[in-house]
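Examination of the molecular architecture
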Amino acid sequence: MNRHFATACAAIVLMATTIGMAPAGIQDPNGCGRTDRGWVCMSSPAGGHRPGVYKAHYARYRGGEITVRLGYEIRMKRTGIIAESRWLGTKRTRNGYAAFSKRLPMGDDACIRAKMKHDGKHYISKYLGC
């Protein structure tokens, strides 16, 4: 009986510490924005304001495979004006993932984010480097 009591006490202490350490909510990964069933993200070579290869990607965490349209928007920091907004292409997810990459000549005054369209809905990520 003492053994069962000790095991129950240990389990309660473990659950209490786990609950206390659990985050309040799931935070979006850096450079990402939440969609209905995943995240649309922009990754960059160095924080979002240097020349290099940028990747707009979608990671689906729930549901089957879908077809998405991915692109990007570049905004100027000083003025807030969208300098460029392009679609990179349309792709069906594979294992819940789809991506397009493009080399871009980003400047210090520019921020970039990913955009996605699926089933008539538009989604955007957070800006990198703003």
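Just so it is clear, the structure is predicted and the values come from calculations on it, not from any experiment.

Moving on, we come to the confidence of the model for the protein. On average, residues of the protein score 81 in pLDDT, and 76% of them reach the 70 mark or higher. pLDDT under 50 marks residues 1-24. Its contacts with residues more than four places away, or in other chains, come to 0 contacts.

Spatially, 4 strands are ordered 5-4-7-8 in an open sheet, and the strand pairing comes out antiparallel. Each of the sheet's edge strands pairs with one partner strand only, and the pair in question is strand 5 (82-92) and strand 8 (121-124). Adjacent strand axes in the sheet meet at a mean angle of 20° when their direction is disregarded. Summarising the sheet, strand 7 (residues 110-118) and strand 8 pair through 4 bridges and their orientation is antiparallel. The partner of Lys117 across the bridge, within strand 8, is His122.

Looking now at the sheet that holds strand 3 (residues 52-60). If you trace the 4 strands from one edge of the open sheet to the other, you get 1-2-3-6, paired in antiparallel fashion. At either margin of the open sheet sits one strand with a lone partner, and together these are strand 1 (32-34) and strand 6 (97-104). Within the sheet, the average angular offset between the axes of one strand and its neighbour, ignoring direction, is 10°. Pairing analysis gives 3 bridges linking strand 1 to strand 2 (residues 38-43), with the strands arranged antiparallel. Along strand 2, the bridge assignment pairs Gly33 with Val40.

To continue, consider the state of the cysteines. All told, the structure shown has 1 disulfide when counted by the stated rule. The partner cysteine of Cys32 in its disulfide is Cys41, sulfur to sulfur 2.0 Å. Between Cys32 and Cys41, the S-S dihedral sits near 110°, and the bridge is therefore right-handed.

Okay, the environment of His118 next. Position of His118 among the secondary structure elements: in strand 7. Taking relative accessible area as the criterion, His118 reaches 22% and is therefore assigned partly exposed. In sequence terms His118 and Ile66 are 52 residues apart; their C-alpha atoms lie 8.2 Å from each other. Other than its neighbours up to four places away in sequence, His118 contacts Ile66, Thr67 and Val68.

Criteria and thresholds
- Residues numbered from 1 in each chain as written.
- Predicted model: local features only at pLDDT ≥ 70, side-chain atom pairs only at ≥ 80, totals over all residues.
- Heavy atoms only, no water.
- pLDDT = per-residue confidence, 0-100.
- Contact = heavy atoms within 4.5 Å.
- Pairing = 2+ DSSP bridges.
- Helix = DSSP H or I, 4+ residues; strand = E, 2+ residues; numbered from the N terminus.
- Axes fitted to C-alpha atoms, helices over the stretch in contact; angles between N-to-C directions.
- Disulfide = S-S within 2.5 Å.
- Buried < 20%, exposed > 50% of the residue type's maximum accessible area, 1.4 Å probe, protein only.

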